[in-house]
Structure formats: structure tokens, C-alpha cells
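In case you want the letters, here they are:
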Amino acid sequence: MPSSPLASPLDLELKPDKPPVLRVESPEDAASWAAQHREALRAQVTEHGAVLVRGLGLSDQDQVQAVFAGLSGGLMTEREAFAPRQTYGPGLYSSSTWPANQPMCMHHELSYTVEVPGLMLFACLTAPGDGGATAVADAEQVLQALPAELSERFEREGWLLTRSYNEEIGASLAESFGTDDPAAVERYCRAHDIDFTWQPDGSLHTRQRRSAVVRHPVTGRRCWFNQIAFLNEWTLAPEVREYLVEVYGEDGLPFNTRYGDGSPIGEDVVQQLNSTYEQHTRREPWQSGDLMLVDNIRTAHSREAYTGERQVLVAMAEPCRLADCCPTPEASQR
């Protein structure tokens, strides 16, 4: 049986509250289908920001690895992870370890790195019993909806990410940097514009300033591109934040975000960012076998709380240096 042809753009299901959905009849070889239709499908992702493909029947890790390889020019190795992942193959990972009853709010993957993934790939092997959607939001629309005073400040100053590595919360040094050798970690930080300090107890504290608004490298559109809300202390569940502050102190949280000048970001600002994301959120419940491609610059994504078992594999591709899509390239090097 030949691979099913890619549906035309008119065959995409376009609904205001859902990501575009492309339905295909199960091809004999999903990996061959992916390689054959890579350019056409990638064009749809550039136009719409994300596309969910339903009907491929993805069912195991090897199949997903082959499909992802067919859709990309090579998968990235994750560095600077904020939470642990399980590795299934070169560039193929589990979803970030995060409590099922706590949502992961909208963010752009690795937006705090110097070289960010331009494309995110997701494959659902086991759909959750309830919830658990990987929702998306258009970053251009979010930027336009934010109060000008707020977005202009972040565009002018950028945003600051602070991290304190410990063995209890978040990714370890080895999980984040690929090594726990202090000299190698220091070399990485210097090469990637990260300020670092070793604490008296031997733990690592880092600070990195990044752009909050960038231009899409293909379309040139200005996008709200960061993890200001997601990695801020006020997005944590209240009981989790209280525990972490009590144990590690205000300055020792595993991760936190600030204005680019170092000033704290108020709870009201974080709530405004998250509510603006919610107003532009599109969601479609996962079905086992689904594939989703997300333009990581154009489109933020989230993971909603869920019940039951959920297995979604993740990969990152099309690396893009931040300075290449930043309105003021020098901002990424300040």
C-alpha cells in the first residue's frame, strides 16, 4: 500500500480554539511518510505555528525516532534542562518530569539558551485518562495583547533567569550540563554567556540575561519569546513555593526570573502574563499515536494537568542562535 498523500492546506481542520489538525489514513511506513512530506508539512507549521497529525498510529520508541529523523535535519541534544528527562535515543526524550496534578504553563522550550530549538516534535504513545493536552499559543498574538508598557520594558531590558542547582528539585548538574565536572561546567557557562558562582556548600548558582522579544528567523514577525512566567516563583503552586522558600530562601530557589535589570517581577505581572497566554490558548486532547510539530519561536506550548498514564516523547530540532532572530543582537550578549 503506498503512503497516503499529504492533505492540501484546505484539508487542515482549522478551529479557533484548537491547533490545526491534519488527518491521514494510516500509512504503511510512518517514517517514509514523514520523510516524503517533510517540506510540505514544515511549510504548514511555519504558516500556522503548529500542526497536529492524527492517523499515523505511532506506537513505539523506534518508530518515533525514525519519524522524527525524517521530519528534521537532525535532533538536538538538550542542555540546560530545568527538569529531568528520560533519554530513549539520540535526541529523543520523555516529557519533563513534572507532577501530573500541576500544569506546566506556556513557555518556549530552552528560550534561555544561546542556541534554541526552532522546531519541537511531540509523539503521544499513551494518551492520559483526562487532561494532559500539549496546548499552544501564538507568540505574535500574545505580544500584541500584552500592555505596551510591560512588553516594551521587557523588550528594552530583556529578562534574567537565576538558577540554584541542588539534588532535590529540578535537573542536576549532570542532567543540565551533560557533566558534573566543575571545570567542564565552567567552560560551558563561559561559552554560553552564563554568569556562575560556586556556593560554600559546593552547589552552583547561575544568572543569564536573554531577550524577551525576538524576530522570527523566517517570517520576521516579532514574537514574545521567553520563559518569564513559567520559571517564575509565582507560577509555582503556593504550597510548593512556600516550601522551597522555607528550605532554600528567596535567593536559593531552583529557578526564578526577574526583569533584565535584576528587579523582582511581581505576582500581578506573572498572573497577567499567564492570563494573556490563556486567552490565546488552543488545545486538542491527545490520542495515542498522534504527532505534533510546533514552531518553537512562533508558538508557546504548555502541558496541562492530567490523570492516568501519559507517555509523550519529545525532540528538538532546527537549532537557531538567539542573536540571529533578535531585534537587538547585542542584547543576548549583555
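In this report, we go over the structure that sits alongside the text. Counting restarts for each chain, with residues numbered from 1 along the sequence as it is written. Local features in this predicted model are restricted to residues of pLDDT 70 or higher, and side-chain atom pairs are both shown and tallied only at a pLDDT of 80 or more, whereas totals for entire chains, interfaces and linings draw on every residue. Excluded from the side-chain calculation are hydrogens and water; included are all heavy atoms of the structure.

## Let's talk about the pairing of strand β19 (residues 311-321)
For clarity, the threshold we go by: Pairing between two strands requires that DSSP report at least two bridges joining them. Each helix corresponds to a stretch of at least 4 residues labelled H or I by DSSP, and each strand to a stretch of at least 2 residues labelled E; elements are numbered beginning at the N terminus.
Note that strand β4 (residues 92-94) and β19 share two bridges and pair antiparallel. Paired with Ser94 across the strands is Leu313, a residue of β19. In this structure, strand β6 (residues 115-126) lies alongside β19, joined through ten bridges in antiparallel fashion. Counterpart to Met120 in the pairing with β19 is Met316.

## Topic: the sheet that holds strand β14 (residues 255-259)
Our working rule: A fitted line through C-alpha atoms serves as each axis, taken over the contacting stretch for helices, and the angle formed by two N-to-C directions is quoted from 0 to 180°. Note on contacts: a residue pair is in contact if any heavy atoms of the two residues lie within 4.5 Å.
The strand order across the open sheet built from four strands is β10-β11-β9-β14, with neighbouring strands paired in antiparallel fashion. Because the sheet does not close on itself, it has two edges, and the strands there are β10 (195-198) and β14. The sheet shows a mean angle of 15° between the axes of neighbouring strands, taken without regard to direction. Both strand β9 (residues 159-164) and strand β11 (residues 204-210) contribute to a ladder of six bridges, which runs antiparallel. Counted as the bridge partner of Leu160 is Arg209 from β11. Across the sheet, helix α5 (residues 148-157) is in contact with β9, β11 and β14; its angle to β14 comes to roughly 100°. Relative to the sheet, helix α7 (residues 182-191) contacts β10 and β11, its axis offset from that of β10 by approximately 155°.

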